[in-house]
Amino acid sequence: MKAFYSDHFVLPLPPGHRFPMQKYRLLRESVAASVPQASFEEAPWTTDGVLALAHHPRYIERVTQGDLSDKEQKAIGFPWTPQMVERSRRSAGATISACRAAFGSGVAVNLAGGTHHAYADHGEGFCIFNDAAIAARLMQAERRARRVAIIDLDVHQGNGTASILASDESVFTFSVHGQNNYPFTKESSDLDIALPDGVGDEDYLASLGEGLDTLFARFAPDLIIYLAGADPHEGDRLGKMKLTMSGLAARDRMVLDRARERRLPVAIAMAGGYGKNIQDTVAIHLQTIRIASTYAGPAGADQTVSAE
């Protein structure tokens, strides 16, 4: 199972910044130590033309040149630096690479990614470029998939993804998130399940199961991009949910089981995780990758499809 990383492209954040940048390095080290099936590759750099599959060219140019206003940088949550641009391009490249790899091995992972708050023309919530939207459209352009489902199980709604893909019937956006959590103004995904604060394993898994039933009743994807956020965990500072480690494991298996039943390739991105203890966040992401590695194998989908 291929795992694509970009953690050595580090953003220089001010002391006390709440984004847990070090979790990516810690995760790669943990995967290397305990998931022998994982094969590591550096995330490639994403070109302007590929970014433009989901983003306005002028926005790409302004990000690249550092022409973002203070207000725009505040909305993103990162000060502009060349390292921010480099890492954002690499993170998108990792999800693209994971999608390509999943067609051969069934499952592949981006050890970061899930930047679902990025809109076509602006960034928000620690997200600059929307890796899932970019990757979905590139897989279609490369004729690897006609129809893509994005299953977003970060605790925060994928508002940018929903906005970018709102009029695109070839990509199905499905989000399970906290109804009272960021973003406080939600967009409309193809399927949204908004859950109350304090939801636990049983209710969450029941809602997810119903949502997956609805997704597959309405849509027949050729590829799944799965945002496996760690932030529904009961120990997350920003999550407001109460899922346990075993509940999150059941969540991951439910998604991967549904994909396996349909012989669908799955590309996984880590998305959010803001544990009071960073080791808890790393452990949740590691658990997802360990579980995913047991599903790796020929997907029956190592092929391109003809465009309609």
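Refer to the preceding data block for the structure.
Every value quoted in this text rests on a predicted model; they were computed, and no experiment measured them.

The rules behind each value
- Residues numbered from 1 in each chain as written.
- Predicted model: local features only at pLDDT ≥ 70, side-chain atom pairs only at ≥ 80, totals over all residues.
- Heavy atoms only, no water.
- Helix = DSSP H or I, 4+ residues; strand = E, 2+ residues; numbered from the N terminus.
- Rg over C-alpha atoms; globule rule 2.2 N^0.38 Å.
- Contact = heavy atoms within 4.5 Å.
- Lys, Arg positive; Asp, Glu negative; His and termini not counted.
- Charge placed at Lys NZ, Arg CZ, Asp CG, Glu CD.
- Axes fitted to C-alpha atoms, helices over the stretch in contact; angles between N-to-C directions.
- Parallel < 35°, antiparallel > 145°, perpendicular 65-115°, else oblique.
- Left-handed = near helix turned anticlockwise from the far one by under 90°.
- Nonpolar A, V, L, I, M, F, W, Y, C, P; charged D, E, K, R; others polar.
- Patch = residues over 30% accessible without salt bridge, like charges linked within 9 Å, V, L, I, M, F, W, Y side chains within 5 Å.
- Areas by Shrake-Rupley, 256 points an atom, 1.4 Å probe, with all protein chains shown as cover.
- Salt bridge = Lys/Arg side-chain N within 4 Å of Asp/Glu carboxyl O.
- Pairing = 2+ DSSP bridges.

1. Focus: the overall build of the protein chain
For the protein chain, the count of helices and strands is 10 helices and eight strands. The C-alpha atoms of the protein chain give 17 Å as radius of gyration, which agrees with the globular expectation for 308 residues (19 Å, within 12%). Taken over the C-alpha atoms alone, the protein chain extends approximately 45 × 45 × 40 Å along its principal axes. Restricting the contact set of the protein chain to residue pairs at least 6 apart, pairs at least 24 apart contribute 76%. Computed over 31 positive and 37 negative side-chain charges, the separation of the two mean positions in the protein chain equals 3 Å.

2. A word on the packing of helix H1 (residues 22-34) against helix H10 (residues 278-293)
Closest axis-to-axis distance for the H1/H10 pair is 9 Å, and the angle between their directions is 45 degrees. Taken as axis vectors, H1 and H10 run oblique relative to one another. Once H1 is placed against H10, the crossing between them reads as right-handed. Along the contact surface, H1 presents Gln 22, Lys 23, Leu 26, Leu 27, Ser 30, Val 31 and Ser 34, while H10 presents Ile 278, Gln 279, Thr 281, Val 282, His 285, Leu 286, Ile 289 and Arg 290. Per-class residue counts for the contact of H1 with H10 are seven nonpolar, six polar and two charged.

3. Overview of a positive patch on the surface
On the surface, Arg 18, Arg 237, Lys 242 and Lys 276 cluster together into a positively charged patch. Within the secondary structure, Lys 276 is located in the loop between strand E8 (266-269) and H10.

4. So, the sheet that holds strand E1 (residues 2-5)
Strand order in the open sheet formed by eight strands is E2-E1-E3-E8-E7-E4-E5-E6, and the pairing between neighbours is parallel. Taken across any chain shown, the strands that pair with only one partner, and hence form the sheet edges, are strand E2 (39-42) and strand E6 (191-195). On average, each strand axis in the sheet is tilted by 15 degrees relative to the strand beside it, whichever way the strands run. Pairing geometry for strand E5 (residues 171-178) and E6, over five bridges, is parallel. Within the sheet, the bridge partner assigned to Val 176 lies in E6 and is Ile 193.

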